[in-house]
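# Structural description and commentary
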Amino acid sequence: MKMVVTGASGLLGREAALSALRRGHQVVAIGGARDPVIPGVLKSVRMNLADAPAVTALMLEEFPEAVINCAALPTVDGCERDPEKARLLNTELPKQLAELAFHVGAKLVHVSTDMVFDGVDGRYGHTSTPRPLSVYGSTKAAGEVAVLRAGREHAAVIRTALLNGNSPGGDRSLHERLFLAWSNGEKTPLFTDEIRQPVGLSNLADALVEVCERNTLSGVYHWAGGDALSRHEIGARILRHFALDPSLITPAQSGAPASRSLRPRDLSLSLVPLAGKMKTPVQTFEEQLSELRVPRGREAWYESVTGRKVVRRLEKGLDF
Ligand SMILES: NC(=O)c1ccc[n+]([C@@H]2O[C@H](COP(=O)([O-])OP(=O)(O)OC[C@H]3O[C@@H](n4cnc5c(N)ncnc54)[C@H](OP(=O)(O)O)[C@@H]3O)[C@@H](O)[C@H]2O)c1
């Protein structure tokens, strides 16, 4: 199948493109400010996806059979700082991609977020009503509505959670940011009262591609890991996995009342019904940990504090 993958220079889009290639698809990889560096793709393109005529030209020129949209302004702070950019990328872009996918007869798989919920109740189902607290959450929620309005039959919205994996630069994902702080001599306070359900990066990428391949899967679904954990427990398990000093993290309370914080308290997700329909298995947090590497640039620090040797492996065209 010919697939356009947007956000292919980012954390998730790169993995989605790699997964699509592994599964025998042809990939047109779209980056923004950065080049998507992915060996084996049909084409790598850098473009501004907020430029609507350019997006139309891309879709009509490529005429893909599927689109995986991983492009976004995906940070709470970034969206609060620039709500107009957030609207263009998180709402208008998915809307336009859904309309164009309908026009060319392609399947659209659009990535959304657990942050569309307010975190008051937790265990959100795919039919639970979004109540976003931030510009990020509300622009993503509006993007979901726009996608489904343009194509309920040929589009799937996959809400997902905190990404857990390895990034090429070694500085983007959950454990990599913790390693950066620890190697700079910082102890990290982590909330005991904020619940998240991390998802393995390559597992999520496989799930996105499988949803593309499956004609019967459309509508809103949830995909995450199998374990909902506090941020503090997540940090503690990462430390244990890498045999690092448990005192590198300290327990903290998020403090602000849930209704007045931009940080939802409990974003645990029910994976029903998607988990039952998929060949891709849901991963436990332990299974995700086994895929994590010591981040690039932190090897010397890690070896000095643990006495362990870091062995690099060539993986997915990169030396992790
Ligand atoms: N990260 C998480 O923990 C998490 C959790 C839940 C859901 N999600 C969702 O997962 C998706 C992917 O997130 P991510 O963490 O992989 O984000 P990321 O690493 O920041 O990647 C975002 C991608 O969007 C591209 N992009 C941004 N503005 C663009 C523009 N104007 N034109 C073209 N491309 C543009 C970026 O390209 P350049 O960098 O080349 O400009 C990059 O490839 C998002 O939909 C996000 O909401 C993420």
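Preceding this section is the structure that the text describes.
First, a word on what this report is: a plain description of the structure on this page. None of the values given here were measured: they were computed from a predicted structure.

Most of strand β6 (residues 155-160) is tucked away, with 6 of its 6 residues classed as buried. Of the two faces of β6, the one lined by Ala155, Val157 and Arg159 and the one lined by Ala156, Ile158 and Thr160 are each fully buried. One ladder, built from 6 bridges, connects strand β5 (residues 107-113) with β6; its direction is parallel. Among the inter-strand pairings, Ser112 is bridged to a residue of β6, identified as Arg159.

Moving on: the sheet that holds strand β1 (residues 2-6). Pairing is parallel across the open sheet formed by 7 strands, whose spatial order is β3-β2-β1-β4-β5-β6-β11. Edge positions in the open sheet fall to β3 (43-46) and β11 (219-222), since each of these has one partner strand only. Sheet twist, expressed as the average angle between the axes of neighbouring strands with direction ignored, equals 20°. Both β1 and strand β2 (residues 26-31) contribute to a ladder of 5 bridges, which runs parallel. When the sheet's bridge partners are listed, Met3 is paired in β2 with Val27. Across the sheet, helix α1 (residues 11-22) lies against β1, β2, β4 (66-69) and β5, angled at about 165° from β1, the strand it touches most. On top of the sheet, helix α7 (residues 201-213) reaches β1, β4, β5 and β6; it is set at about 145° to β5, its chief contact.

This part is about the environment of Ala156. Summarising the element assignment, Ala156 is placed in strand β6. Under the relative-accessibility criterion, Ala156 is labelled buried at 0%. What Ala156 contacts, discounting residues up to four positions off in sequence, is Lys107, Leu108, Val109, His110, Val211, Leu217, Ser218 and Gly219.

About the thresholds
Residues numbered from 1 in each chain as written. Predicted model: local features only at pLDDT ≥ 70, side-chain atom pairs only at ≥ 80, totals over all residues. Heavy atoms only, no water. Buried < 20%, exposed > 50% of the residue type's maximum accessible area, 1.4 Å probe, protein only. Helix = DSSP H or I, 4+ residues; strand = E, 2+ residues; numbered from the N terminus. Pairing = 2+ DSSP bridges. Axes fitted to C-alpha atoms, helices over the stretch in contact; angles between N-to-C directions. Contact = heavy atoms within 4.5 Å.

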